[in-house]
Amino acid sequence: MSLMAPKSVLFILMIIFISAKLISAQDECQTEESGDCVSKSRAQPLKIIAIFSILITSMIGVGSPLFAKYIPALHPDRDVFVIVKAFAAGIILATGFMHVLPDSFDMLSSSCLSDNPWHKFPFTGFVAMLSAIVTLMVDSMATSFYTTKNNKMMIQPTSEGDHELGNTAEGGAGGGSHFHAHGHHHGAALGSSKGPIGTQLLRYRVVAMVLELGIVVHSIVIGLGVGASNNTCTIKPLVAALCFHQMFEGMGLGGCIMQAEYKPLKKFLMVFFFSITTPAGIALGMGLSKTYKENSPTALITVGLLNASSAGLLIYMALVDLLAADFMGPKLQGSIKLQLKSYVAVLLGAGGMSLMAKWA
């Protein structure tokens, strides 16, 4: 798993590069914003406030689960953690369905785009579907690859101590949640990138990395739109909605990072990139606001397709790797009462984020 963090950094830089390229498009559609709400001088301080407020709330959201292990009531083995994670998964699900996907539909059905092919075929649904399938492929193949690599470590011990560790890990791999609890007992050894790890822990790590990549894509796009806009009537409610969104989406990601039991440096990098992407997108949009053409066909197509792919990924991750994995797991299957509480948490999270679609 040690190679996945550098790859994610390269992926983030690639997205930023693509965003910068589309900003230079000059073929703007003549639908400029106008009215009392449009003022660059009044929008500028709002954007600066947005950068710092979103950065702080993002750090609080993604960082809180990492420190929750020091609070007994919020330990991963406790019911409260499961309920909070279900709430955060509802946030992520609603983000895909109620925010990212509708934005993509609006962009790719814009009157600024040519009738053929953009109005002849539902590209948003098609790209979102392909994105979900590709996410499944990445999820499955990454798990398979690292499982094979992990099994080789188990059967090729380098010392007597490693042989004993390999047998312990192999026994835990079949037990899922039992291994996860056992993994804390061997903390440093099983969390090491050089030694074998259990199947459940490996799944947590793949899920955390794939989820972060999906969140990063739409965070940059959202930030870019805020930074380029000079509509104060839009920015004000949008900043409040984004703070709410980033905090609770961060809680979902932070819970996955904590369960993945990464080393401190990897945890820091994942928290850093989640926290910085939206503010960086806003700063990028501000710096290039003079040349950014929000209604240009190039911008609409590029951002619309990125939103569609991000929506497919987020919906897949929320339903399959977060909700289905937890609700079909032994802890929730063993308690109808806890299931009902978690369902309520999912509905509250999804409902609250859906309500935010009125302003963002």
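Residues numbered from 1 in each chain as written. Predicted model: local features only at pLDDT ≥ 70, side-chain atom pairs only at ≥ 80, totals over all residues. Heavy atoms only, no water.

Novice: Let's hear about helix H14 (residues 336-356): which residues, and what values?
Specialist: Between its terminal C-alpha atoms H14 stretches 30 Å, which fits the 30 Å expected from 21 residues at 1.5 Å a residue. Three or more residues of H14 are buried, namely Leu-338, Gln-339, Ser-342, Ala-345, Val-346, Gly-349, Ala-350, Met-353 and Met-356. Taken down its axis, H14 places every buried residue within 125° of arc, on the same side. Along H14, exposed side chains directed more than 90 degrees from the buried face belong to Ile-336, Lys-337, Leu-340, Leu-347 and Leu-348. Packing partners of the buried residues in H14 comprise helix H3 (79-108), helix H10 (232-260), helix H12 (297-327) and helix H13 (330-333). (Helix = DSSP H or I, 4+ residues; strand = E, 2+ residues; numbered from the N terminus. Expected span 1.5 Å × (residues − 1). Buried < 20%, exposed > 50% of the residue type's maximum accessible area, 1.4 Å probe, protein only. Arc of directions from axis to C-beta. Contact = heavy atoms within 4.5 Å.)

Novice: Help me get a handle on the pattern of salt bridges, residues and values and all.
Specialist: This model, assessed by the stated rule, comprises five salt bridges. One salt bridge in this structure joins Asp-326 and Lys-85, with 3.5 Å as the shortest N-O distance. Of the two residues, Asp-326 is situated in helix H12 and Lys-85 in helix H3; the sequence distance between them amounts to 241 residues. Owing to a relative accessible area of 24%, Asp-326 belongs among the partly exposed residues under this scheme. Take Lys-85: its relative accessible area is 9%, and that puts it in the buried class. With a closest N to O distance of 2.9 Å, Asp-321 and Arg-203 form a salt bridge. In this pair, Asp-321 is assigned in helix H12 and Arg-203 in helix H9 (residues 199-228), connecting sequence segments 118 residues apart. Overlapping salt bridges, with partners in common, bring together Asp-139, Arg-203 and Asp-321 in one network. (Salt bridge = Lys/Arg side-chain N within 4 Å of Asp/Glu carboxyl O.)

Novice: Describe in detail the packing of aromatic side chains, supporting the description with residues and values.
Specialist: Tallying each qualifying case throughout the model produces nine aromatic pairs. Each ring, one from Phe-145 and one from Tyr-146, has its centre 4.9 Å from the other, and the planes form 85°; the classification is edge-to-face. Considering the side-chain rings of Phe-272 and Phe-273, the 5.4 Å spacing of their centres and the 75° angle between planes classify their relative orientation as edge-to-face. Cluster of aromatic residues (ring-pair linked, three or more members): Trp-118, Phe-121, Phe-123 and Phe-126. (Phe/Tyr/Trp six-rings, centres within 6.5 Å; stacked < 30°, edge-to-face > 60°.)

Novice: I'd like to hear about the layout of surface pockets, residue by residue, with values.
Specialist: In this structure, the largest pocket occupies an estimated 860 Å³ of space. At eight residues, H3 tops the list of elements feeding residues into the lining of the largest pocket. Considering only residue class, the lining of the largest pocket consists of 20 nonpolar, ten polar and four charged. (1 Å grid on protein atoms, 1.4 Å probe; cavity = no way out; pocket = protein on both sides within 12 Å on 5 of 7 lines; lining within 4 Å. Points joined across faces, edges and corners; volume = space filled by probe spheres on them. Nonpolar A, V, L, I, M, F, W, Y, C, P; charged D, E, K, R; others polar.)

Novice: Please set out the confidence of the model for the protein chain residue by residue, giving values where relevant.
Specialist: For the protein chain, mean pLDDT is 80; residues scoring 70 or higher make up 78% of the total. Looking at the elements of the protein chain, mean pLDDT is at its lowest for helix H8 (residues 187-191), recorded as 39, and at its highest for H14, recorded as 94. (pLDDT = per-residue confidence, 0-100.)

Novice: Tell me about the nonpolar core, residues and numbers included.
Specialist: Generally speaking, a soluble globular protein has its nonpolar side chains buried in company with each other. Judged by nonpolar contacts, the single largest core of 53 residues is most densely connected at Leu-211, Leu-253, Ile-257, Tyr-262, Met-317 and Leu-322. Secondary structure elements with two or more residues in this core: helix H2 (40-68), H3, helix H5 (123-155), H9, H10, helix H11 (264-287), H12 and H14. Residue contributions to this core peak at eleven residues, all from H3. Excluding its chain neighbours within four sequence positions, the residues that come into contact with Leu-211 are Ile-92, Leu-253, Cys-256, Leu-314, Met-317 and Leu-322. (Core = buried A, V, L, I, M, F, W, Y, C linked by side-chain atoms within 4.5 Å.)

Novice: Go over the packing of H10 against H14, please, and point to the residues and values.
Specialist: Angle between the axes and distance between the axes are the two parameters that describe a pair of packed helices. It is at 10 Å that the axes of H10 and H14 come closest, and there the two elements cross at 155°. Overall, the two elements H10 and H14 adopt an arrangement that is roughly antiparallel. Judged by the twist between their axes, the crossing of H10 over H14 is left-handed. Of H14, the residues touching H10 (which contributes Ala-241, Phe-244 and His-245) are Gly-352, Met-353 and Met-356. Grouping the constituent residues of the contact of H10 with H14 by class yields four nonpolar, two polar and no charged. (Axes fitted to C-alpha atoms, helices over the stretch in contact; angles between N-to-C directions. Parallel < 35°, antiparallel > 145°, perpendicular 65-115°, else oblique. Left-handed = near helix turned anticlockwise from the far one by under 90°.)

Novice: Quick one: what's the story with H10, residue by residue and with numbers?
Specialist: Taking 1.5 Å of rise per residue, the 29 residues of H10 would be expected to cover 42 Å, and the 41 Å separating its terminal C-alpha atoms lies within 8% of that figure. Two residues or fewer after H10 comes Glu-261, characterised by a positive phi angle close to 55°.

Novice: Can you tell me about unusual backbone geometry, naming the residues and giving the values?
Specialist: Asn-116 connects to Pro-117 through a cis peptide bond whose omega is 15°. Take Pro-117: it is sitting in helix H4 (residues 115-118). Within the chain, Glu-261 stands out as a residue other than glycine whose phi angle is a positive 55°. Its place among the elements puts Glu-261 in the loop between H10 and H11.

Novice: Tell me about the side chain of Thr-124, and name the residues and values.
Specialist: Take Thr-124: it is sitting in helix H5. Overall, Thr-124 belongs to the buried group, its relative accessible area being 2%. Every residue in contact with Thr-124, bar those within four places of it in the chain, is listed here: Leu-101, Ser-104, Phe-105, Leu-108 and Ala-308.

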